[in-house]
Amino acid sequence: MQTGSYINGKWVQPRSERIIRNVNPADTRDIIAEFPAATAAEVEQAITAAQAAFPGWRNTPGPERGRVLWRAANIARERVDEIARTLTREEGKIFKEARGEVLKGISLLEFYSGEGYRMHGKTLPSEARDTFTYTIRRPLGVVGLISPWNFPWAIPVWKSAPAIVAGNTVVFKPAELTPATAALMAEIYEEAGLPPGVFNMVVGSGAVVGEAMVNARTIRAVSFTGSNAVGGALYVKAAQRGAKVACEMGGKNAVIVMPDADLDKAAVAIHGGAFGSTGQRCTATSRVIAMPQVKDALLERLVEKAKKMKIGPGLDETVDLGPAVDEKQWKTDLDYIEVGKREGARLVLGGRQPAGLPNGYFVEPTIFDNVVPQMRIFREEIFGPVLSVATANSLEEALHFANGVEYGLTASIFTQNVDAVMRFIEEVETGMVHVNEATIGGEAQLPFGGTKATGVGEREMAEEGLNFFTELKTVFINFSGKAERHLIR
């Protein structure tokens, strides 16, 4: 397995005293790799390589850039189980979910390979005679990508693929907790024929590598996914020097369950949204807001499903729930459970480290009832397998509860009433809306992102994800030699 940073088509071992230890969170005795952390010098080296590669890559026809991504998709498909096993071993999610994440990344590579043929602008009429006007999209130059640990394959793909196919060159910082999965992506891009310097990966801390990237004036855009604290500071610094910035940050996603809901269907969706990926995703279902007529019956179904979950290492394909990614996140989960109990919520299920798994960062699937909107477990992102159940007496009150947090990523409603559906779609304050399905999920051709404190900048994935990595150029061509233009005052 390759370790270290990947710069200008070569693997680099920085001269650093700080060592990154890549540990399996399901069994901390399993050390996947150890290697020196990158420094600001490696960031500068990567930027220099990306700048040198940019003219040639920019001038490569868009369809040919797309073919590189298509080849990468085919190579990844041949290695899907290898990538998924690596992902499970270093991030912790169960193998079935890891494999699904890899397939999602392959879908994104396929989608953006086609975008090489669709780098389109618009033709528009001019006010002037004998003048042809249109717009085109051009690459920005060197762009910086910073991704989190919770989707160490899919998120780097959905950032790097549009950046690359648009003609940019990339400096990429993966999360320190998941460098092995990122290294496989670098290998695949190289095997697919991506020229040296187009994709560079620098593995190190946010305080060193991330800071150097954000402050580098030669990086024209920064795409970040991670915490609000880091993203907010990054946005200010990069925007002050005129760089384009897109930040996808937190979520505290609600499901509203109306009296006419199909409770069996709702329970399946809520269960998967709350406990899939150990709750470690920004789209996770963390709040249920149920009408009093159905709350108890729904809660009974949710508890029954959660009790049946098998907890353990994700490479065991009979396991349903893997560990938290590291000790810090594990302690955060357990601390929030104590907060919920102190605030007066009723702990219905879970709340502890399971017996028999002393060497991993495991937390039982946890459900709280009698949660009210003032409680921290209702308002704050936990990022673990913790579900809060609250009661609302009307759709109006449920929407008030759902909107009463700083985040606005995704939400869902379960109902058969079309009036309730349409009001929910119009009034819920989120960037994505689901009806009669889980809050999780996304597709390559559909924009991904949220409102309020969840995100700033262009949406990710889809055409919007490509547009972020381009600048729009407006063209005026006069073909008569008599340019006459009426000025509007």
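**As for the overall build of the protein**
No. 1: Of the regular secondary structure elements, the protein holds 15 helices and 22 strands.
No. 2: Of all 489 residues assigned to the protein, the portion counted as buried reaches 57%.
No. 3: Long-range contacts, defined here as pairs at least 24 residues apart, represent 73% of the contacts in the protein between residues at least 6 apart.
No. 4: Carbon and sulfur atoms make up 50% of the accessible area of the protein, which amounts to about 20200 Å² in all.
No. 5: Here the protein contributes 54 positive and 58 negative side-chain charges, whose respective centroids are spaced 5 Å apart.

**Comments concerning the pattern of salt bridges**
No. 1: In the structure shown here, the tally under the stated rule is 27 salt bridges.
No. 2: A salt bridge links R18 to E176; the nearest nitrogen and oxygen atoms lie 2.8 Å apart. You can see R18 sitting in the loop between β2 (10-12) and β3 (19-23) and its partner E176 sitting in the loop between β8 (169-173) and α6 (179-191), a full 158 residues away along the chain.
No. 3: A salt bridge links R79 to E187; its shortest N-O distance comes to 3.0 Å. On the criterion of sequence distance, the pair formed by R79 in the loop between α2 (62-78) and α3 (80-91) and E187 in helix α6 is long-range, its members being 108 residues apart.
No. 4: Salt bridges linked by common partners bring K295, D296, R346 and D369 together as one network.

**Points about the sheet that holds strand β14 (residues 346-349)**
No. 1: The 7 strands lie next to each other as β14-β15-β16-β13-β12-β18-β19, forming an open sheet whose pairing is mixed. Each having just a single partner strand, β14 and β19 (432-435) make up the two edges of the open sheet. Strand-to-strand twist across the sheet, computed as the mean angle between neighbouring axes with direction ignored, equals 20°.
No. 2: Taken together, the 3 bridges between strand β15 (residues 366-369) and strand β16 (residues 386-391) define a ladder with parallel strand orientation. Pairing of F368 across the sheet is with S388, part of β16.
No. 3: Helix-sheet contacts for helix α14 (residues 418-427) involve β12 (253-257), β18 (410-414) and β19, and the interaxial angle to β19 is about 165°.

**A look at the sheet that holds strand β22 (residues 470-478)**
Through backbone hydrogen bonds, the strands of a sheet pair up, either in parallel or in antiparallel fashion.
No. 1: Pairing in this open sheet of 3 strands is antiparallel, and the strands run β5-β6-β22 from one edge to the other. The sheet terminates laterally at β5 (123-124) and β22, the two strands that pair on one side only.
No. 2: Relative to β22, strand β6 (residues 131-139) is paired through 9 bridges, and the arrangement is antiparallel. Each residue of the ladder has a partner; that of T135, found in β22, is T474.

**Points about the side chain of N22**
No. 1: Note on placement: N22 falls in strand β3.
No. 2: Take N22: its relative accessible area is 1%, and that puts it in the buried class.
No. 3: The residues contacting N22, other than those within four sequence positions of it, are D30, I31, I32, A33, E90, L177, P179 and A180.

**Describing unusual backbone geometry**
Outside of glycine, negative phi angles account for most residues, and trans bonds account for most peptide bonds.
No. 1: The phi dihedral of N8 falls on the positive side, at around 55°, and the residue is not glycine.
No. 2: Position of N8 among the secondary structure elements: in the loop between β1 (5-7) and β2.
No. 3: A relative accessible area of 38% places N8 in the partly exposed class.
No. 4: Positioned with a positive phi, T278 is a non-glycine residue whose angle comes to about 60°.
No. 5: Judged by its relative accessible area of 4%, T278 falls in the buried class.

**Some remarks on the packing of α3 against α6**
Angle between the axes and distance between the axes are the two parameters that describe a pair of packed helices.
No. 1: Closest axis-to-axis distance for the α3/α6 pair is 8 Å, and the angle between their directions is 155°. Comparing their axes, α6 and α3 come out roughly antiparallel. Two secondary-structure elements touch here, α3 through E82, I83, T86, L87 and E90 and α6 through P179, A180, T181, L184 and I188.
No. 2: Taken together, the residues of the contact of α3 with α6 sort by class into 6 nonpolar, 2 polar and 2 charged.

**Here we look at α2**
No. 1: Taking 1.5 Å of rise per residue, the 17 residues of α2 would be expected to cover 24 Å, and the 25 Å separating its terminal C-alpha atoms lies within 8% of that figure.
No. 2: Among the residues of α2, those classed as buried are G62, R65, G66, V68, L69, A72, A73, I75 and A76.
No. 3: Where the residues of α2 are buried, they touch α1 (40-58), α3, α4 (95-115), α5 (154-165) and α6.

**So, the environment of V255**
No. 1: Within the secondary structure, V255 sits in strand β12.
No. 2: With a relative accessible area of 1%, V255 lands in the buried category.
No. 3: Counting along the chain gives 31 residues from V255 to S286, while the straight-line C-alpha distance between them is 8.4 Å.
No. 4: Once you skip the residues sitting within four places of it in the chain, V255 turns out to touch I270, T285, R287, V288, I289, S412, F414 and T439.

Conventions and cut-offs
Residues numbered from 1 in each chain as written. Predicted model: local features only at pLDDT ≥ 70, side-chain atom pairs only at ≥ 80, totals over all residues. Heavy atoms only, no water. Helix = DSSP H or I, 4+ residues; strand = E, 2+ residues; numbered from the N terminus. Buried < 20%, exposed > 50% of the residue type's maximum accessible area, 1.4 Å probe, protein only. Contact = heavy atoms within 4.5 Å. Areas by Shrake-Rupley, 256 points an atom, 1.4 Å probe, with all protein chains shown as cover. Lys, Arg positive; Asp, Glu negative; His and termini not counted. Charge placed at Lys NZ, Arg CZ, Asp CG, Glu CD. Salt bridge = Lys/Arg side-chain N within 4 Å of Asp/Glu carboxyl O. Pairing = 2+ DSSP bridges. Axes fitted to C-alpha atoms, helices over the stretch in contact; angles between N-to-C directions. Parallel < 35°, antiparallel > 145°, perpendicular 65-115°, else oblique. Nonpolar A, V, L, I, M, F, W, Y, C, P; charged D, E, K, R; others polar. Expected span 1.5 Å × (residues − 1).

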